[in-house]
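Here is what each chain is made of, one letter per residue.
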Amino acid sequence: MDYPVIPYRPRMKGETDQPLEKQLVDLEKLKVEGYMRVVHHGGERGYHVKLVLNEKEAISLFVWNEKLFRGENTLARSYGVIPIEEIEIDPEEGDELIAEGTFSLSNGILELSFEKVHRPGIVRVKRVKYRLKLKGVKEYISPKHGHSTRPEYFLIRVE
């Protein structure tokens, strides 16, 4: 499936485990809705909001703190399009399912509905709506994924 892509030319070179057009999906132009789940992976400080695109793919949106789940403005990094299998948790690795629900993303507005909350101490709202605003693209070398080119977005609460 083709997704809208942020026009960006990487400055760094290096091997990567994901094509550039899957890393640079433009979330401000993407229109999709469906199932989502929030996962905390063992050994990481933040949370991945995994937005299911179809039966084969999802988008992973990473937040460093719990502001998203309190309806506060925050910053998120898109890890782009990932295989659907990556929405699963592995308890043996310390992964934890935080919440499940639905989402819609259209015209730069992301709405999350937390319908099944597994960690109420973390998720304090039932529904939240944010405007996504591209902050920029971050390039770095990841020990896990190699050369990474990742869009970062301001999530600005609306309503």
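Structure: see above.
Residues numbered from 1 in each chain as written. Predicted model: local features only at pLDDT ≥ 70, side-chain atom pairs only at ≥ 80, totals over all residues. Heavy atoms only, no water.

Chemist: Any details on the overall build of the chain? Residues and values, ideally.
Modeler: Each helix and strand counted, the chain has 1 helix and 8 strands in total. Counting from the amino terminus, helix and strand elements in the chain follow one another as α-β-β-β-β-β-β-β-β. Against the 2.2 N^0.38 benchmark of 15 Å for 159 residues, the chain shows a C-alpha radius of gyration of 15 Å, consistent with a compact globule. With respect to the three principal axes, the spread of C-alpha positions in the chain is 40 × 40 × 30 Å. When each of the 159 residues of the chain is scored for burial, the buried share is 50%. Put simply, of all contacts in the chain between residues at least 6 apart along the chain, 55% involve residues at least 24 apart. Total accessible area on the chain is roughly 8,500 Å²; 49% of this is exposed by carbon and sulfur atoms. Computed over 26 positive and 26 negative side-chain charges, the separation of the two mean positions in the chain equals 7 Å. (Helix = DSSP H or I, 4+ residues; strand = E, 2+ residues; numbered from the N terminus. Rg over C-alpha atoms; globule rule 2.2 N^0.38 Å. Buried < 20%, exposed > 50% of the residue type's maximum accessible area, 1.4 Å probe, protein only. Contact = heavy atoms within 4.5 Å. Areas by Shrake-Rupley, 256 points an atom, 1.4 Å probe, with all protein chains shown as cover. Lys, Arg positive; Asp, Glu negative; His and termini not counted. Charge placed at Lys NZ, Arg CZ, Asp CG, Glu CD.)

Chemist: Give me the nonpolar core: which residues, what numbers.
Modeler: One finds Leu27, Leu30, Val38, Val49, Phe69, Leu112 and Phe114 to be the most contacted residues of the largest nonpolar core, which totals 36 residues. The set of elements that each furnish at least two residues to this core consists of β1 (32–40), β2 (47–52), β3 (57–63), β4 (74–83), β5 (96–106), β6 (109–117), β7 (127–142) and β8 (146–157). Excluding anything up to four places from it in sequence, Leu112 contacts Met36, Val49, Leu51, Leu68, Thr102, Phe103, Lys126, Arg127 and Val128. In this structure, Val52, Ala58, Ile82 and Ile84 belong to the second largest nonpolar core, which totals 5 residues. (Core = buried A, V, L, I, M, F, W, Y, C linked by side-chain atoms within 4.5 Å.)

Chemist: Break down unusual backbone geometry for me, with residues and values.
Modeler: Not every positive phi belongs to a glycine, and Asn107 is a case in point at roughly 55 degrees. When you line up the elements, Asn107 lands in the loop between β5 and β6. At Glu159, a residue that is not glycine, the phi angle is positive and equals roughly 85 degrees. Tracing the sequence through the fold places Glu159 in the segment after β8.

Chemist: Which residues make up the sheet that holds β6, and what values go with them?
Modeler: Within the closed barrel, the 8 strands sit side by side as β1-β2-β3-β4-β8-β7-β6-β5. Their pairing is antiparallel. Here the average twist between neighbouring strands, direction ignored, is 35 degrees. Here β1 pairs with β5 via 9 bridges, running antiparallel. For Met36, the partnering residue across the bridge sits in β5 and is Gly101. (Pairing = 2+ DSSP bridges. Axes fitted to C-alpha atoms, helices over the stretch in contact; angles between N-to-C directions.)

Chemist: So what's going on with the packing of aromatic side chains? Residues and values would help.
Modeler: For the structure shown, the criterion picks out 4 aromatic pairs. Residues Tyr47 and Phe69 carry aromatic rings whose centres are separated by 5.3 Å and whose planes lie at 90 degrees to one another, so their mutual orientation is edge-to-face. With Tyr47 in strand β2 and Phe69 in the loop between β3 and β4, this residue pair connects regions lying 22 residues apart in the sequence. Taking 5.9 Å as the distance between ring centres and 70 degrees as the angle between the ring planes, the aromatic pair formed by Phe69 and Phe114 counts as edge-to-face. With a gap of 45 residues between them, Phe69 in the loop between β3 and β4 and Phe114 in strand β6 connect regions that are remote in the sequence. By way of ring pairs, the aromatic residues Tyr47, Phe69 and Phe114 are connected into one cluster. (Phe/Tyr/Trp six-rings, centres within 6.5 Å; stacked < 30°, edge-to-face > 60°.)

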